[in-house]
Protein chains: 4
Amino acid sequence: MADMSVRTPDPNPGWLSEIALDETRSRVPILYVEAVPVRVDALGSVEHVGLLLGGSVTTGVMTRTIVSGRVMHGESVRDALLRNLEKDLGPTAFPQLPTSVAPFTVAEYFPLPGVTPLHDPRQHAVSLVYVVPVTGECNPRQDALELSWLTPEEVLSPAVLGDLEGGRGALVKQALAHLGALG
Amino acid sequence: MADMSVRTPDPNPGWLSEIALDETRSRVPILYVEAVPVRVDALGSVEHVGLLLGGSVTTGVMTRTIVSGRVMHGESVRDALLRNLEKDLGPTAFPQLPTSVAPFTVAEYFPLPGVTPLHDPRQHAVSLVYVVPVTGECNPRQDALELSWLTPEEVLSPAVLGDLEGGRGALVKQALAHLGALG
Amino acid sequence: MADMSVRTPDPNPGWLSEIALDETRSRVPILYVEAVPVRVDALGSVEHVGLLLGGSVTTGVMTRTIVSGRVMHGESVRDALLRNLEKDLGPTAFPQLPTSVAPFTVAEYFPLPGVTPLHDPRQHAVSLVYVVPVTGECNPRQDALELSWLTPEEVLSPAVLGDLEGGRGALVKQALAHLGALG
Amino acid sequence: MADMSVRTPDPNPGWLSEIALDETRSRVPILYVEAVPVRVDALGSVEHVGLLLGGSVTTGVMTRTIVSGRVMHGESVRDALLRNLEKDLGPTAFPQLPTSVAPFTVAEYFPLPGVTPLHDPRQHAVSLVYVVPVTGECNPRQDALELSWLTPEEVLSPAVLGDLEGGRGALVKQALAHLGALG
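Heads up: these notes are all about the structure in this document. Quick caveat: nothing in here was measured; it's all calculated off a predicted structure.

## Describing the overall build of chain A
Move 1: Along chain A, the regular secondary structure elements total five helices and seven strands.
Move 2: Buried positions account for 62% of the 183 residues belonging to chain A.
Move 3: Across chain A, the fraction of contacts at a sequence separation of at least 24, relative to all contacts at a separation of at least 6, is 69%.
Move 4: Split by element, the accessible area of chain A, about 6,800 Å² in all, is 57% carbon and sulfur.

## A word on the interface of chain B and chain A
Move 1: Between chain B and chain A, the contact holds 29 residues from the first and 29 residues from the second.
Move 2: When chain B packs against chain A, close to 2,400 Å² is buried across both sides, 67% of that on carbon and sulfur atoms.
Move 3: The interface formed by chain B and chain A contains two salt bridges.
Move 4: In this structure, glutamate 23 of chain A engages arginine 27 of chain B in a salt bridge whose closest nitrogen and oxygen atoms are separated by 2.7 Å.
Move 5: Elements with a minimum of two residues in the side of chain B that touches chain A: helix H1 (18–25), strand S5 (105–109) and strand S6 (125–133) of chain B.
Move 6: Here the side of chain B that touches chain A takes four residues from H1 of chain B, the largest share from any one element.

## A word on the interface of chain C and chain A
Move 1: With 17 residues of chain C at the contact, the number on the chain A side is 17 residues.
Move 2: Taken over both partners, the interface formed by chain C and chain A buries close to 1,500 Å², and the fraction arising from carbon and sulfur atoms is 55%.
Move 3: When the buried surface of chain C facing chain A is broken down by residue, Leu43, Arg78 and Thr99 of chain C rank first, second and third, together holding 40% of it.
Move 4: Our enumeration of links across chain C and chain A arrives at zero salt bridges.
Move 5: Across the chain C-chain A interface, the total number found is six residue pairs in polar contact (both at pLDDT 80 or more).
Move 6: Listing elements by their share of the side of chain C that touches chain A, those giving two or more residues are helix H2 (77–89) and strand S6 (125–133) of chain C.
Move 7: By residue number, the principal contributor to the side of chain C that touches chain A is H2 of chain C, which donates three residues.

## Some thoughts on the pairing of strand S2 (residues 46–55) of chain B
Residues in a regular strand point their side chains to alternate faces of the sheet.
Residue and element names in this part refer to chain B.
Move 1: When you tally the buried positions in S2, you get eight out of 10 residues, the bulk of the element.
Move 2: The turn joining strand S1 (residues 30–40) and S2, which pair antiparallel and follow one another in sequence, is formed by five residues; a positive phi near 90° is taken by glycine 44.
Move 3: Bridging between S2 and strand S7 (residues 146–150) involves five bridges; their strand directions are antiparallel. When the sheet's bridge partners are listed, valine 49 is paired in S7 with leucine 150.
Move 4: Bridge count for S2 against strand S3 (residues 62–65) is four bridges, and the pairing is antiparallel. Note on S3: the bridge partner recorded for leucine 53 is arginine 64.

What counts and what doesn't
Residue positions are given per chain, counting from 1 as you read along its sequence in written order. Chains carry letters and ligands carry numbers; both start at the beginning, A for chains and 1 for ligands, and go up in the order they are written. Where local features are concerned, this predicted model is filtered to residues with pLDDT of at least 70; where side-chain atom pairs are given and counted, the filter is 80 or more; whole-chain, interface and lining totals use all residues. Working from all heavy atoms in the structure, the side-chain values ignore hydrogens and water. Secondary structure is summarised from DSSP: a helix means a run of H or I of at least four residues, a strand means a run of E of at least two, and numbering begins at the N terminus for each. When a residue's accessible area, from a 1.4 Å probe over protein chains only, is under 20% of the maximum for its type it is buried; when over 50% it is exposed; and in between it is partly exposed. Whether two residues are in contact is decided by their heavy atoms, any of which lying within 4.5 Å being enough. Areas reported as accessible are Shrake-Rupley estimates using a 1.4 Å probe. Residue values count occlusion only from the protein chains shown. Buried area: the accessible surface (1.4 Å probe) lost by two parts on joining, summed over both. Throughout this description, the term salt bridge denotes a Lys or Arg side-chain nitrogen within 4 Å of a carboxyl oxygen of Asp or Glu. Two N or O atoms count as a polar contact when they lie within 3.5 Å, although within protein this holds only if one can serve as hydrogen donor and the other as acceptor, and sequence-adjacent residues are included solely when both atoms are side-chain atoms. At least two bridges found by DSSP between two strands is the condition for calling them paired.

Following this line, the structure appears as structure tokens:
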């Protein structure tokens, strides 16, 4: 949702030109879906959280993020969620999509930093956020991205939380609280 | 979210011209908030559901709907929810906004009827839907709109459900199920 | 949770004698977990709902039910959920337990019929209810029980809903509403 | 749920003798309801969290807790929630009970400390936990109890979280995460 998305181009980039997208971003909030990938045990308890690592094109700094992408015009929320999971985790991740389309939270990103913990310099974005267990092999499609599986304890370290771009450390903490794994 | 909105103009219509809005509607899904107003007893159990009654400008047919409106650029979800509640229920409704921004469901409206139970001929809209208890006096601001308080049983009659525009009968049933009042 | 449980004895019946259990039932509400088993597609949308069919020992009437069982003393909710899923669906059902322990609803069964849609002649029971996707083969362990996979439309027929014991037709409708499959 | 409850006797103590309750506690998990009282602004955002302060009879140490109490035999979850809110906050707190009986989380207390963050030396307790806005004056009925309203930031200080009895610091953090106020 920040500039890492430049390195994870949408498979259907023609759906909207960059110029049209920029114009649209100045007019309405842009709808996203985001997913916190997790590995769970047989009881459904989270064992590991998957964080994507990538380099920011504009700043050159390495940052972490979660699965994230726009909902396209005409696309259902479920389709967008699956498409973005496959875009970021590869075709063999076998994500278990939620049975209910209600997100565990709604994340709001504003262009100005400081208004909320979350921000996105490009736009006002509103994101439906889900926790998604994955059971298969994850192979991020882009060379620049790696996926790391961290324990909840590791994720909650200030260093990792601080590396999450756009203030998503707060969002991942909220996800762990939802899972009962905040410690 | 259908053409009744023509009769409930946004108090800040200048935020986006109709031409710009039409263009935007062809590019991205438009984010809405919707609210099912309810009266509850001391235990939090729903006693009545508030449905708005209005005449469609294009068809002249009377239809029912719930509180509904766009999230503006730069506006938070909570601000949009309160603004649209006041727009549709008046300034003395005293709505009790949800403590969590997570909606009980996400409603997806597509321009083509039949794809899903919900449709909106104007656009692809995605709506965060909440149940909102109101304790004050409701005075719909527009002459054309009336608010009726119906019991859950009355709401569940096929005649009432069928009057809800855009297929929202399914959405109101889902709200009643969430409240444990589906019968 | 009604008398069908006589035919699905707990694998650890010694945890509490019938006499002690009866006495306890007269003193406090008894905590249950219940699960609506579902088959979902790659997008997480429900395709089929699993209903158990069994004969009531006391009445001889065939009734349908969902996965249901007590939470034992010292047992976690997740352990109880997995144990009862295996008890009713067999060891190869591969249920995908929820990542969050928060149920989608709480079902309250009172001994007296008519107080609520749900009742249990044996006790006051309070049940944490989950929707659980299963991906494997289901083999109910008891000869008397069969598992049928029905589409949401089939489940919503009055005949099927009426066959659900203890008033669980209302509960299954609520589950389908939660899944966005109420129609 | 720990020994502070000795100082907040149930108004209907005759519902179950201490001996019968002790015996029951050794047999089944005991069902509780708990509530985190909050003050919210017009948008539903939490401004203050109410924590009860009391002295432990057995240890003499001052501890903090939230609203907590058993669900009685024959009592509905909503009735138990309102009764315990009135017991701990007084008759003029005007709590806004949730419209849905689904809790935001389920808390599990085991007699042995260390199994989970939560523990209760007296029993295995399972608690349905809610966030409940209150709009009126809170007057804890018992002399020994005071109610303090703290900002989310104040609540999240290690000193306050550590004062919460039975490990409820983790539970209150989870509540704040649910409200989007984890920081």
